[in-house]
Amino acid sequence: MTNTSPSIVAENLGKRYKVFQNDAYKVKQLLLGFRKQYYHEYWALKNISLELKSGQSLGIIGRNGSGKSTLLQILCGTMRPTTGSVNLTGRCGALLELGSGFDPEFTGVENIYMNASLLGLSKSEIQDRIENIISFADIGDFVFEKTKKYSSGMVVRLAFAVLANIDADILVIDEALAVGDFYFNQKCMRYIQRYRREHTLVFVSHDLTAMASVCDRVLWLENGCMVQFGDAKEVLERYVNRESARHNQCSYDLEMNDNKSLIANEVNSMEDRSKIASYTAGDTAIKEYYDFRATSRLDSKYRNDLEICKLDQRIIDRESYGTGDAYISSVTIQGEASLFTEVANASVVSGGSKVRLLIEVTVSKILVDPIVGFILKNEMGLALFGDNTYNTHKHYHPISVLTGTRIRAEFEFIMPFLPTGCYSVTASVASGTQEEHAIIHWLNDALILQCNNSPVSAGLAGVTMLAIDLKL
Amino acid sequence: MQIKTRTWMNASLVTSLWKHKNIVWQLTKRDIQNRYKGSKLGLAWSVLNPLIMLCIYTYVFSQVFQVKWTNASIAETNSTDILDFGLNLFAGLIVFNMVAESLQRSPSLIVRNQNFVKKIIFPLETLSVVNVLNSLFHACTSIMIIMIFKFVVNGTLISLVWVLPLVWLPLIFLIIACSMILSIVGVLLKDTVQLVTVFTSVLMYLSPIFYPTSAVPVNFRWITHLNPLTGIIESTRQALILNELPNLSQSCVYAVLSLLICDIVYRAMNRIKPYLSDWL
């Protein structure tokens, strides 16, 4: 599919609204319009030209009212541009705001049929996909209820599930994912990431992290005009600079002040702290370092506790696949009792402290050269870090594990400080080498960590800060 | 907005309806179910309602008013046929109700379904078609009532029911066309609902529902003949009550003509469609 033919070409798009003071002016305009103009013009969009090749993904950013949704509506063809033209090549699926095009009186299944046939699928094609759609939406028996009884999250789930299963060549998504819960967003982001490799995507969001991870090209709109259209990274950086300049310092925050006093207290006791324990792994002695602010944080609101969510089996929709030769039977994470957290807490681990991640695999068919690994992802599905057993254990290869046995991989590491939000751990077991392997079992969202407080002031993760000095 | 060479056939109403037959079917089914939704008797109402009406008409007009249906085509009215007036009235009302119901719902069709204009690309003509099919369904149940009624009371079967589809076809196309026009005008002008209500009441008395065409004074008969319902109602009565074969070749010609009108309206509607989202 990835060819270089353009899949979206828009030339000189503009949208003008006629603003009338009241209805009488409308009539006057209709009758006497040739003599005098009874309205004033409002251009919601002006001079937008863009070309998107098949396989590229476009993000549109801008403040509220800058014309993003108008542009999307024009691109999808639900609105006629005043000037210019749009050409789309291929089937276009759109998710414009909430529950687009669902009839509230229809049941979920009926709406699936109607929506999909509007998007050009025949009845038999829909019948082939209906199971996939229902399982993607995963709203249980609600699919047989009328959509007016749905929560807004359910509506989006269903709408997205339909879109994900119609093989659209172009997908247009307008901030709709904001209402989905964490599990579903993870699933959608995974789908979008997969989708954008082969198809064309147009994505509107205020979440710039998501945009950076999804889009190659970004269009920045302001008051209906194009400020910049180009490489995602470039445009996003300029946008952030401009926006933060606009917000201008008003929140040079109290937090900073807090931090300062904490640091001041802390510096004195630094000495004691750096003597801390070391432990051995094999023959190598590794010095263990702690963030110098660690103690002061313990009792403050900056303590980076990551709560391990109790997983409700009913709502969880782990995505899992593999050959079935072995399966991941348990994934647990433990916080270690450390100098700073005296008791190892069963349901909380802390950023900046040592944690142990255990992945247990049950082998149901002889497993050759197993590699067990994990990835920690943030809410947007962005992989923050991960590792596997390959490099440390490749010397033992080839090995084979017999049927019925259990293998356990243990990863011991210092958990980085994480910004507030939800995190998921994906676990996997494969067979082969780093470069070439077959996935035996891949389990998405095996663990969910919820983080409510965070000392991270910038970035996707915080590092262990050994010292901060401000020389005056 | 796929680049396609749209041929003449490709852009026709029939092609569009065939393409969206699933949607038409689903929406129609839903509309019919929804009418009596929540009521205990459900769909039975669509039978009960016309049945009760038929009984009332028969009773009031033949027993209370004791009027006779004087039809020009029969020289001597069969005075023993007490059902006559009620049946004639009912047959006329079936046709009229089908038209009136469809027209009255039309102005709000698009206004009520703004999502279909703003959020997705929806074949808006299906809304009008569904609207008319819905009324047609209820007309059909009423026809069944007449048949059963006549069989029970008179012991006769109406053998000419099969001509009704052909007789009604021109009318059906015509209402679809009107419904499409009204649905768009309804977006622009909120008063359309009121206008249509007034218009249908006027239409009721101008159509030969409570009287045969022959009862209209010759001077004013042109008014009756201007009304497209007149011919349809007369033919319906001919087939159902007099058991005479109506002029079918004429119906065929009208059917083709009205389909043509319908198609032209549909094409015009497609031209206007892109502007709709601005007006809503």
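Please refer to the structure placed before this passage.
Figured I'd write up the structure that's included with this text.

What counts and what doesn't
- Residue indices begin from 1 for each chain and proceed along its sequence in written order.
- The naming scheme follows written order: chains are lettered A onward, ligands numbered 1 onward.
- In keeping with the model being predicted, local features are shown solely for residues with a pLDDT of at least 70 and side-chain atom pairs are shown and tallied solely at 80 or more, while totals for entire chains, interfaces and linings include all residues.
- For the side-chain quantities, the full set of heavy atoms in the structure was used; hydrogens and water were omitted.
- Accessible area is worked out with a 1.4 Å probe on protein chains only. A residue is then buried under 20% of its type maximum, exposed over 50%, and partly exposed in between.
- Each helix corresponds to a stretch of at least 4 residues labelled H or I by DSSP, and each strand to a stretch of at least 2 residues labelled E; elements are numbered beginning at the N terminus.
- For two strands to be treated as a pair, DSSP must find at least two bridges joining them.
- Contacts described as polar in this section are N or O atom pairs within 3.5 Å, which, within protein, must combine one atom able to donate a hydrogen with one able to accept it, while residues neighboring in sequence count only if both atoms come from side chains.
- Contacts between residues were defined by any pair of non-hydrogen atoms, one from each residue, lying within 4.5 Å.
- Within 6.5 Å between ring centres, the rings of Phe, Tyr and Trp (the latter by its six-membered ring) count as paired, and their orientation is classed by plane angle as stacked under 30 degrees, edge-to-face over 60, tilted in between.
- Two conditions define a charge sitting above a ring: the NZ of Lys or the CZ of Arg must be within 6 Å of the ring centre, and it must be within 35 degrees of the ring normal.
- For every element, the axis is a line fit to its C-alpha atoms; helices are fit only across the contacting stretch, and the angle between N-to-C directions ranges from 0 to 180 degrees.
- Crossings are sorted by hand: turned counterclockwise from the far helix by less than a right angle, the near helix makes the crossing left-handed, and turned clockwise it makes it right-handed.
- Residues are sorted three ways: Asp, Glu, Lys and Arg are charged, Ala, Val, Leu, Ile, Met, Phe, Trp, Tyr, Cys and Pro are nonpolar, and all the rest, Gly among them, are polar.
- Orientation is classified from the angle alone, with under 35 degrees giving roughly parallel, over 145 giving roughly antiparallel, 65 to 115 giving roughly perpendicular, and any other angle giving oblique.
- The term salt bridge refers to a side-chain nitrogen of Lys or Arg lying within 4 Å of a carboxyl oxygen of Asp or Glu.
- Points on a 1 Å grid, built from protein atoms alone, make a cavity when a 1.4 Å probe fits but cannot get out and make a pocket when they are open with protein on both sides within 12 Å along at least 5 of 7 lines; residues with an atom within 4 Å of a point are the lining residues.
- Grid points are joined across faces, edges and corners, and a volume is the space filled by probe spheres set on the points.
- What gets called buried area is simply the loss in accessible area from a 1.4 Å probe that two parts show on being joined, summed for both.
- As used in this record, nonpolar core signifies buried Ala, Val, Leu, Ile, Met, Phe, Trp, Tyr and Cys residues forming a set joined through side-chain atoms within 4.5 Å.

## So, the pairing of strand β3 (residues 57-61) of chain A
All names here are of chain A.
Piece 1. In terms of burial, β3 is a largely internal element, five of the five residues being buried.
Piece 2. Side chains S57, G59 and I61 project from β3 onto one buried face, and the interleaved L58 and I60 project onto a second face that is buried too.
Piece 3. Note that β3 and strand β7 (residues 200-204) share four bridges and pair parallel. Following the sheet pairing, G59 is matched in β7 by F203.

## Details of the side chain of S7(A)
Residue and element names in this part refer to chain A.
Piece 1. If you trace the backbone, S7 turns up in strand β1 (residues 6-19).
Piece 2. Residue S7 is classed as buried on the basis of its relative accessible area, which comes to 4%.
Piece 3. Here the side chain of S7 touches T200 through a polar contact of 2.9 Å, side chain to side chain.
Piece 4. What S7 contacts, discounting residues up to four positions off in sequence, is L52, K53, S54, N87, L88, T89, I170 and T200.

## Considerations on the packing of aromatic side chains
All names here are of chain A.
Piece 1. Applying the stated rule across the entire model yields 14 aromatic pairs over all chains.
Piece 2. Ring centres of F142 and Y150 lie 6.1 Å apart, and the angle between their planes is 90 degrees; this geometry places the pair in the edge-to-face category.
Piece 3. The buried category is assigned to Y150, whose relative accessible area is 9%.
Piece 4. Judged by centre distance (5.6 Å) and plane angle (15 degrees), the rings of F374 and F413 are stacked. In this pair, F374 sits in strand β18 (residues 370-377) while F413 sits in strand β21 (residues 406-414), placing the two residues 39 residues apart along the sequence. Residues F374 and F413 agree in their burial class; the two are buried.
Piece 5. Within the aromatic cluster, the residues linked to one another by ring pairs are F136, F160, F184, Y191 and Y195.
Piece 6. Over the ring of F136 we find K187, and its NZ or CZ is 5.2 Å from the ring centre.
Piece 7. The ring of F229 has R217 sitting right over it, with the charged end atom 4.8 Å from the ring centre.

## Focus: the pairing of β7(A)
Residue and element names in this part refer to chain A.
Piece 1. Most of β7 sits out of view: five of its five residues are buried.
Piece 2. Burial of β7 is two-sided: the residues T200, V202 and V204 facing one way and the residues L201 and F203 facing the other way are all buried.
Piece 3. Pairing geometry for strand β6 (residues 170-174) and β7, over five bridges, is parallel. Within β7, the residue paired with L171 across the bridge is L201.

## A look at the packing of helix α7 (residues 125-154) of chain B against helix α8 (residues 164-188) of chain B
All names here are of chain B.
Piece 1. α8 packs onto α7 with a crossing angle of 140 degrees between their chain directions and a minimal axis gap of 9 Å. The chirality of how α7 crosses α8 is right-handed. For the pair α7 and α8, contact is made by E125, S128, V129, N131, V132, L136, A139 and I143 and by L164, W168, I172, I175, I176, S179, M180 and S183, respectively.
Piece 2. In terms of residue class, the contact of α7 with α8 is built from eleven nonpolar, four polar and one charged.

## Comments concerning the packing of helix α3 (residues 108-118) of chain A against helix α2 (residues 21-35) of chain B
Piece 1. Packing of α3(A) against α2(B) brings their axes to within 9 Å, and their N-to-C directions diverge by 150 degrees. Here α2(B) runs roughly antiparallel to α3(A), going by the angle between their axes. Judged by the sense of rotation from one axis to the other, the crossing of α3(A) with α2(B) is left-handed. Seen from α3(A), the contacting residues are E110(A), Y113(A), M114(A), S117(A) and L118(A); seen from α2(B), they are I23(B), Q26(B) and L27(B).
Piece 2. Class assignment for the residues of the contact of α3(A) with α2(B) results in five nonpolar, two polar and one charged.

## Observations regarding the pattern of salt bridges
Residues and elements named next belong to chain A.
Piece 1. The tally for this structure, following the rule as stated, stands at 17 salt bridges over all chains.
Piece 2. Across the salt bridge formed by R129 and D167, the nearest N and O atoms sit 2.9 Å from each other. Of this pair, R129 sits in helix α4 (residues 123-137) while D167 sits in the loop between α5 (152-164) and β6; the two residues are 38 residues apart in sequence, bridging distant segments of the chain.
Piece 3. Linking R408 and E410 is a salt bridge whose minimum nitrogen-to-oxygen distance equals 3.1 Å.
Piece 4. Relative accessible area serves as the criterion here: at 44%, E410 is assigned to the partly exposed category.
Piece 5. Salt bridges here are not isolated pairs; linked through shared partners, they connect R356, R408, E410 and E412.

## Remarks on empty space enclosed by the protein
Any empty space left between the atoms is revealed when a probe the size of a water molecule rolls over them.
Piece 1. Under the counting rule described, the total for this entry stands at two cavities of 30 Å³ or more.
Piece 2. Taken as a whole, the second largest cavity spans an internal volume of roughly 30 Å³.
Piece 3. Along its surface, the second largest cavity is lined by Y113(A), M114(A), S117(A), K123(A), I126(A), N22(B), I23(B) and Q26(B).
Piece 4. For the lining of the second largest cavity, the secondary structure elements donating two or more residues are α3 and α4 of chain A together with α2 of chain B.
Piece 5. Considering only residue class, the lining of the second largest cavity consists of four nonpolar, three polar and one charged.

## Here we look at the interface of chain B and chain A
Piece 1. Every contact between the two is made by 23 residues of chain B and, on the other side, 31 residues of chain A.
Piece 2. Where chain B abuts chain A, roughly 2400 Å² becomes buried across the two surfaces, and 54% of that area is made up of carbon and sulfur atoms.
Piece 3. On the surface where chain B and chain A come into contact, there are one salt bridge.
Piece 4. Here chain B is connected to chain A by two residue pairs in polar contact (both at pLDDT 80 or more).
Piece 5. Where the side of chain B that touches chain A is concerned, the elements lending two or more residues are α2, α6 (114-118) and α12 (248-279) of chain B.
Piece 6. Looking at the side of chain B that touches chain A, the element that brings in the most residues is α2(B), giving six residues.
Piece 7. When its residues are assigned to classes, the side of chain B that touches chain A shows twelve nonpolar, six polar and five charged.

## Comments concerning the layout of surface pockets
Piece 1. The space that makes up the second largest pocket amounts to roughly 980 Å³.
Piece 2. Taken together, 21 residues line the second largest pocket, and the ones lying closest to its centre are F20(A), K26(A), L188(B), D278(B) and W279(B).
Piece 3. If you list the elements that add at least two residues to the lining of the second largest pocket, you get β1 and α1 (23-32) of chain A together with α8 and α12 of chain B.
Piece 4. Tallying contributions element by element places α1(A) first for the lining of the second largest pocket, with five residues.
Piece 5. In terms of residue class, the lining of the second largest pocket is built from ten nonpolar, two polar and nine charged.

## Describing the nonpolar core
Piece 1. The biggest cluster of nonpolar side chains holds 72 residues, and the ones touching the most others in it are I110(B), F122(B), L124(B) and W168(B).
Piece 2. Those residues in contact with I110(B) that lie beyond four places of it in its chain are V117(B), L124(B), L127(B), S183(B), I184(B), V187(B), M269(B), L276(B) and L280(B).
Piece 3. By size, the runner-up hydrophobic cluster in this structure holds 49 residues, among which are I61(A), F136(A), C188(A) and V235(A).

Honestly, that's just the spatial picture; any functional story needs more than this.
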